[in-house]
Amino acid sequence: MNTTMELWAKALEKQHPAQWAREFNVTPEAFYVAKSKGRLSPVMAGNVAMELGENPEHWVAVAALEAEKDSELLARLKNRVNSWRRL
C-alpha cells in the first residue's frame, strides 16, 4: 500500500464508514470528504493504521506528503517513505 486511500480500502474490509466514524467520534462526512479529496488526513491515517495494526508513523508521513504540491523534493521524500515499507 502506498496511498492513504489504499489504507482506507483495507479499513473498509474490516467495517463500514459509519462504524469507523463512531469509533473515532467523528461524523461519517469526515470520511466522505476524505474520499472526495482522494486522501486521509494525517491524524485520520495514523488512527486507522493503528486500528489495522499498521505503522502509524509511516501512514502519518504518507498522508502529510499527499497533502503537498508536486515538486522534486516531494518526489524524493515519497521515494524514501515508500522504501520504509520494504524494510
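What counts and how
- Residues numbered from 1 in each chain as written.
- Predicted model: local features only at pLDDT ≥ 70, side-chain atom pairs only at ≥ 80, totals over all residues.
- Heavy atoms only, no water.
- pLDDT = per-residue confidence, 0-100.
- Helix = DSSP H or I, 4+ residues; strand = E, 2+ residues; numbered from the N terminus.
- Contact = heavy atoms within 4.5 Å.
- Salt bridge = Lys/Arg side-chain N within 4 Å of Asp/Glu carboxyl O.
- Phe/Tyr/Trp six-rings, centres within 6.5 Å; stacked < 30°, edge-to-face > 60°.
- Buried < 20%, exposed > 50% of the residue type's maximum accessible area, 1.4 Å probe, protein only.
- Core = buried A, V, L, I, M, F, W, Y, C linked by side-chain atoms within 4.5 Å.

## Observations regarding the confidence of the model for the protein
For the protein, mean pLDDT is 90; residues scoring 70 or higher make up 94% of the total. When pLDDT is averaged over each element of the protein, helix H4 (residues 42-52) comes out on top at 97 and helix H6 (residues 72-85) at the bottom at 80.

## Brief notes about the environment of Ala 45
Mapped onto the elements, Ala 45 comes out in helix H4. The spacing of Ala 45 and Val 62 is 17 residues in sequence and 8.4 Å in space, taken between C-alpha atoms. Apart from the residues lying within four places of it in its own chain, the contact partners of Ala 45 are Thr 4, Leu 7, Leu 40, Trp 59 and Ala 63.

## Section: the pattern of salt bridges
Pairing between side chains becomes possible if they bear opposite charge and their charged atoms approach one another. Scanning all chains against the criterion turns up 1 salt bridge. Linking Lys 10 and Glu 54 is a salt bridge whose minimum nitrogen-to-oxygen distance equals 2.7 Å. Of this pair, Lys 10 sits in helix H1 (residues 4-14) while Glu 54 sits in the loop between H4 and helix H5 (56-66); the two residues are 44 residues apart in sequence, bridging distant segments of the chain.

## A few points about the packing of aromatic side chains
The final tally for this structure, using the stated rule, is 3 aromatic pairs. With a centroid separation of 4.4 Å and an interplanar angle of 5°, the aromatic rings of Trp 8 and Phe 31 are classed as stacked. Separated by 23 residues along the polypeptide, Trp 8 in helix H1 and Phe 31 in helix H3 (residues 29-37) bring together distant segments of the chain. Of the two residues, Trp 8 and Phe 31, neither departs from the other in class, the shared state being buried. Taken together, the ring pairs connect Trp 8, Trp 20, Phe 24 and Phe 31 into an aromatic cluster.

## What to know about the nonpolar core
Among the nonpolar cores identified, the biggest contains 21 residues, and Leu 7, Trp 8, Trp 20, Phe 31, Leu 40 and Val 48 are the most heavily contacted of them. Dropping the residues within four chain positions of it, Phe 31 is found in contact with Trp 8, Pro 17, Trp 20, Ala 21, Phe 24, Val 26 and Met 44.

## Section: the environment of Glu 72
One can find Glu 72 in helix H6. When the C-alpha atoms of Glu 72 and Glu 54 are compared, they prove to be 28 Å apart, with 18 residues separating the residues in sequence.

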